[in-house]
Amino acid sequence: MMNKNRLVEFSIARPKFVFAAVLLVTLAFAAQLPRIRLDTNPKNMLPPTSDVRVWNDSVDQTFALYEDTIVVGVVHPKSVLNQRTLAKVRDITAAILKIKGVAGRDVSSFTTIDNVTAEGGGLRVAPLVSRIPQSDAELQALRKTLFENPLFVDRIISRDERTTAIYVPLEKGANGKEVADRIREILVKHEGEEQYHVAGDPVARDTFGAEMFRLMGIFSPIAGMIMFAAIYVMFRNLALAVTMMVVAMVAVVWTMGLGIGLGFPIHIMSSMAPVFLMAIATDSIHIFNEFYFRFREKKDKRRAIVETMEAVGRPVRYTALATAAGFAVLLFMEIVPVKVFGGLIVFGTIALRLFSFSLIPAVLTIVRPEKIGAAAAGEDIAVSRTARALARLGAWGANRPKATTAVGLALIVLALLGVGRIVVNNNMVAWFKAGSDVRIADTVINRALGGTSLGYVVATAGEPDAIKQPDTLRYIEGLQRYLEKLPLVGKTTSVVDYVKRINRVLHDDDAKFEAVPGAADTIAQYLFLFSMSAKPSDLDNVVDYPFQRANIWVQLKTWDAAAMQDVIRATEEYRRLNPTALDFKPSGIAYFNLVWNHEVLWDMVKGFLLALVAVFLILAFDFRSPKWALIGYVPLLFTVLLIYGVVGIAGKDFDMPISVLSCLSLGMAVDFSIHFISRLRQRLAETNTDAARDLAALKEALAWTAARPGKGIMRNAVLFAAAFSVMLFAPLTPYITVGAFIVSMMLLSALLTILYLPALIVLMRGWLFKTGEAK
């Protein structure tokens, strides 16, 4: 196997062979791209064998529940209980029933939801509105029926009667965005005084997926153009700018082609992979930066290439290793898309480093010397304004080490206060901007009705038919009222509500009989009559047929994970205050989001600790010294803590993407420390400086490092930040958050590296250097 020098020599000697080999491999990976698949289903964040998925699937099967439901809100400025609006609801419902992917038999609206009444001593179950009321008296009768039935209030009619809803369950595999778009086409045909809103988890999820795919196709080229322009401004050489972009794009094609070829779908994290790879490719800027300095000094292109790779080869190799390690810890996570993302970026990082020692030297070989010479003329650190500014910044830290360190420690104390306030929360609806249709629809419906987020609490008894016992039903009823006291619980529904309704209508609709009957036989008879008359799903959704389990529907007014946590806590509290043999266990999409949220939190902590260890070992191995490894740690820890502190103080929730970045940030931010310390020690060795005794010479070496390799560090940071800056203009908040996080992290990390490392090295020189030692 070739070592780095032989590979560089080979690439310089045979550039055309390198170009041809890279082209062939790239075409092979590119051939996989048309097979791309998207997957934004939160269920697939965890493996199919995870406890929560197995349990949720079991509950769905037991109670004949649909995985996805769209909620269509119809809002009238005065009242939806008027002939024109009711007719529109009827026509809209009829049109929705014809949409492919809609489970038409279980769509619920005024015209399809079952209403239980008494007829001839028995039950009559029929649609609530089979004919549009034609008079004020008929409208008043409908109003009375709606508001006297707890099953309807806060579900299909708001308390101020301005809002109604159409619940549209989807067949398995239906695309929520496609169905929602068809519904919107229907709604456009019924414009008027009413306002329409389309909400629900499948709408948010599949709209996010479509937007994610669009952004992936837009942001990569834009990031590339920004980087291209920035590189050209930095080096004034078109060939070198093109080289950087080719390296980045080839790495993207290889990585995405590998993932798609292996059959992995694109999730939110892997959709960001192209921009991450573009940014990681900027580490090659250190090669160009040093090459320009060397070429200006040597005037020999081949010798400049070889000496450049000898000078920066080791730090470039170890920065790649540190970056790969930061991403590799994601392979130990529980969240499936995060594992895939980590594996892809590790592969892409390795490919980029391979290009650093092959493709880049090959390209430099064919660039005309006169073009390089003209651009390299401005790379003298005595002339370059950027280099001189960086030298002054490094000198500031070196000349005022105690003051610089003290200010840093004070900032860290403040940051730690903010870190303690961080909350992990994955709310997919909140991933859209406040003014988006998805957010507006969710807000309007949640404000008027029970809520668009649905969780379940499953009650399990010790024996069959236990659910038919009056005491059991009264206990469940008590739990419902207890849960409804929670501010974010909009409505609960269970078999108790059906039993109470049947009891009332069979007693001449007398309100005092809106209660659980006192005899189990009566309850059994009611449930039998109802099952014979109603749609199967009405009873199936709330009780199993051994009557050993009951399903309590809990509608929540937010998708925040904390809301379901409150439901679980309140259920446990009620059971503690009222001991029972019944067992209660949460389920549903709201519960899944809570479990997923906990997994993200644990993965963040686990990944951060693993990354800390991995990065420290890499630094210690590279520097051959744990002391230098600790010093190299400081800028990245300062950076991470300061940014996280600001996030906590600002009250910004941590979602999955930003939580994943807690691991990646260590691997990416440490790159600058590796370059700075490696080049400083090279400089001390070249000048034979006794750093322990000669403070002035040490400060001079620090200023040189801040000016020359430091210029590469700043260029790297600016390019990295430029690549991610495109995300700040995304319509989806996770992209904005990631963009802001990375831009801040890279710029701040570079600044702290150049300012704080000189301060720490001067302050700790007696510990870092032995007398007579130059490095």
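On a predicted model such as this, the values are computed, not experimentally measured, just so you know. (Residues numbered from 1 in each chain as written. Predicted model: local features only at pLDDT ≥ 70, side-chain atom pairs only at ≥ 80, totals over all residues. Heavy atoms only, no water.)

Chemist: Looking at this structure, I do not really get the overall build of the protein chain. What am I missing?
Modeler: Per the secondary structure count, the protein chain includes 30 helices and 9 strands. By its C-alpha atoms, the protein chain is 105 × 50 × 50 Å across when sized along the principal axes. Put simply, the protein chain has 775 residues, and 60% of those count as buried. In the protein chain, the share of contacts with a sequence separation of at least 24, taken over all contacts with a separation of at least 6, comes to 81%. Counting 83 positive and 69 negative side-chain charges, the protein chain places the centres of these two groups 12 Å from one another. (Helix = DSSP H or I, 4+ residues; strand = E, 2+ residues; numbered from the N terminus. Buried < 20%, exposed > 50% of the residue type's maximum accessible area, 1.4 Å probe, protein only. Contact = heavy atoms within 4.5 Å. Lys, Arg positive; Asp, Glu negative; His and termini not counted. Charge placed at Lys NZ, Arg CZ, Asp CG, Glu CD.)

Chemist: What is the right way to look at the environment of A520 in this model?
Modeler: Its location among the elements puts A520 in helix α21 (residues 520–533). Residues A520 and Q469, spaced 51 residues apart in sequence, show a C-alpha to C-alpha distance of 5.0 Å. Contact partners of A520, with chain neighbours within four places excluded, come to K468, Q469 and P470.

Chemist: For this particular structure, what's the right way to read the pattern of salt bridges?
Modeler: Any two side chains of opposite charge can pair, on the condition that their charged atoms come close. Applying the stated criterion to the full structure yields 31 salt bridges. Of the charged contacts, one joins R302 and E9 as a salt bridge, the two residues approaching to 2.5 Å between their closest N and O atoms. Taken together, the residues span a long stretch of sequence, with R302 in helix α12 (residues 301–328) and E9 in helix α1 (residues 4–13) at a distance of 293 residues. The exposure class of R302 is partly exposed, given its relative accessible area of 42%. Owing to a relative accessible area of 31%, E9 belongs among the partly exposed residues under this scheme. Residue R184 pairs with D181 through a salt bridge whose shortest N-O separation is 3.1 Å. Residue R184 and its partner D181 are both found in helix α6 (residues 176–188); the two are separated by 3 residues, about one turn of the helix. Under the relative-accessibility criterion, R184 is labelled partly exposed at 26%. Put simply, K144, E148, R501, R504, D509 and E514 are held in one network by salt bridges that share partners. (Salt bridge = Lys/Arg side-chain N within 4 Å of Asp/Glu carboxyl O.)

Chemist: How do you make sense of helix α3 (residues 51–62) when you look at a structure like this?
Modeler: Within an α-helix, residues lying three or four positions from one another point in the same direction, as the helix has 3.6 residues per turn. Counted at 1.5 Å a residue, the expected span for α3 with its 12 residues is 16 Å, and the 16 Å between its end C-alpha atoms agrees. Along α3, the residues that are buried comprise V52, R53, W55, N56 and V59. For α3, the arc enclosing every buried residue in end-on projection is 165°, short of the 170-degree limit, so these residues lie on one face. The exposed residues of α3 that point more than 90 degrees off its buried face are D51 and Q61. The secondary structure elements touched by the buried residues of α3 are β6 (453–460), β8 (549–556), β9 (583–587) and α24 (589–623). (Expected span 1.5 Å × (residues − 1). Arc of directions from axis to C-beta.)

Chemist: What's the story with the packing of helix α7 (residues 201–235) against helix α8 (residues 238–261) in this structure? I'm lost.
Modeler: A pair of packed helices is characterised by two quantities: the angle between their axes and the separation of those axes. It is the contact of α7 with α8, at a shortest axis distance of 8 Å, that shows an interaxial angle of 155°. Between α7 and α8, the angle is such that the two are roughly antiparallel. Remark: the crossing between α7 and α8 carries right-handed chirality. Between α7, through M216, G224, M227, F228, I231 and Y232, and α8, the contact on the second element is made entirely by L238, L240, A241, V242, M244, M245 and M256. Each residue belonging to the contact of α7 with α8 can be placed in one class, and the counts come to 12 nonpolar, 1 polar and no charged. (Axes fitted to C-alpha atoms, helices over the stretch in contact; angles between N-to-C directions. Parallel < 35°, antiparallel > 145°, perpendicular 65-115°, else oblique. Left-handed = near helix turned anticlockwise from the far one by under 90°. Nonpolar A, V, L, I, M, F, W, Y, C, P; charged D, E, K, R; others polar.)

Chemist: When you look at the sheet that holds β6 in this model, what are you seeing that I'm missing?
Modeler: Remark on secondary structure: sheet strands pair via backbone hydrogen bonds, oriented parallel or antiparallel. Taken together, 4 strands build an open sheet; the order of strands is β7-β8-β6-β9 and the sheet is antiparallel. Of all the strands in the sheet, the pair left with one neighbour each is β7 (489–493) and β9. The mean angle between the axes of side-by-side strands here comes to 25°, regardless of whether they run parallel or antiparallel. Direction of pairing for β6 relative to β8: antiparallel, over a ladder of 8 bridges. (Pairing = 2+ DSSP bridges.)

Chemist: Any chance you could explain the side chain of N541 here in plain terms?
Modeler: Inspection of the secondary structure assignment puts N541 in the loop between α22 (536–540) and β8. Once residues within four sequence positions are removed from consideration, N541 is found in contact with F63, A64, L65, N551 and W553.

Chemist: Got a minute to help me understand the pairing of strand β2 (residues 114–119) in this structure?
Modeler: Walk down a regular strand and you will see the side chains alternate between the two sheet faces. Sheet topology note: the β2/strand β3 (residues 122–127) ladder contains 6 bridges and is antiparallel. Across the sheet, T117 pairs through a bridge with R124, a residue of β3. Linking two consecutive strands that pair antiparallel, namely β2 and β3, is a turn of 2 residues; a positive phi of about 60° is found at G120 within it.

Chemist: Mind showing me how you'd approach the packing of aromatic side chains here?
Modeler: According to the stated counting rule, one finds 25 aromatic pairs in the structure shown. Judged by centre distance (5.7 Å) and plane angle (90°), the rings of F10 and F17 are edge-to-face. Relative to Y574, the ring of Y475 lies with its centre 5.2 Å away and its plane at 70°, an arrangement referred to as edge-to-face. Taken together, the positions of Y475 in helix α19 (residues 470–483) and Y574 in helix α23 (residues 561–577) put the pair 99 residues apart, joining distant regions of the chain. The two residues Y475 and Y574 agree in class, both being buried. Each member of the aromatic cluster is reached from another via a ring pair, and the members are F276, F327, F341, F720 and F724. Note that R155 overlies the ring of Y167, its terminal NZ or CZ placed 4.1 Å from the centroid. Taking the ring centre of F621 as reference, the NZ or CZ of R624 above it sits at 4.7 Å. (Phe/Tyr/Trp six-rings, centres within 6.5 Å; stacked < 30°, edge-to-face > 60°. Lys NZ or Arg CZ within 6 Å of the ring centre and 35° of its normal.)

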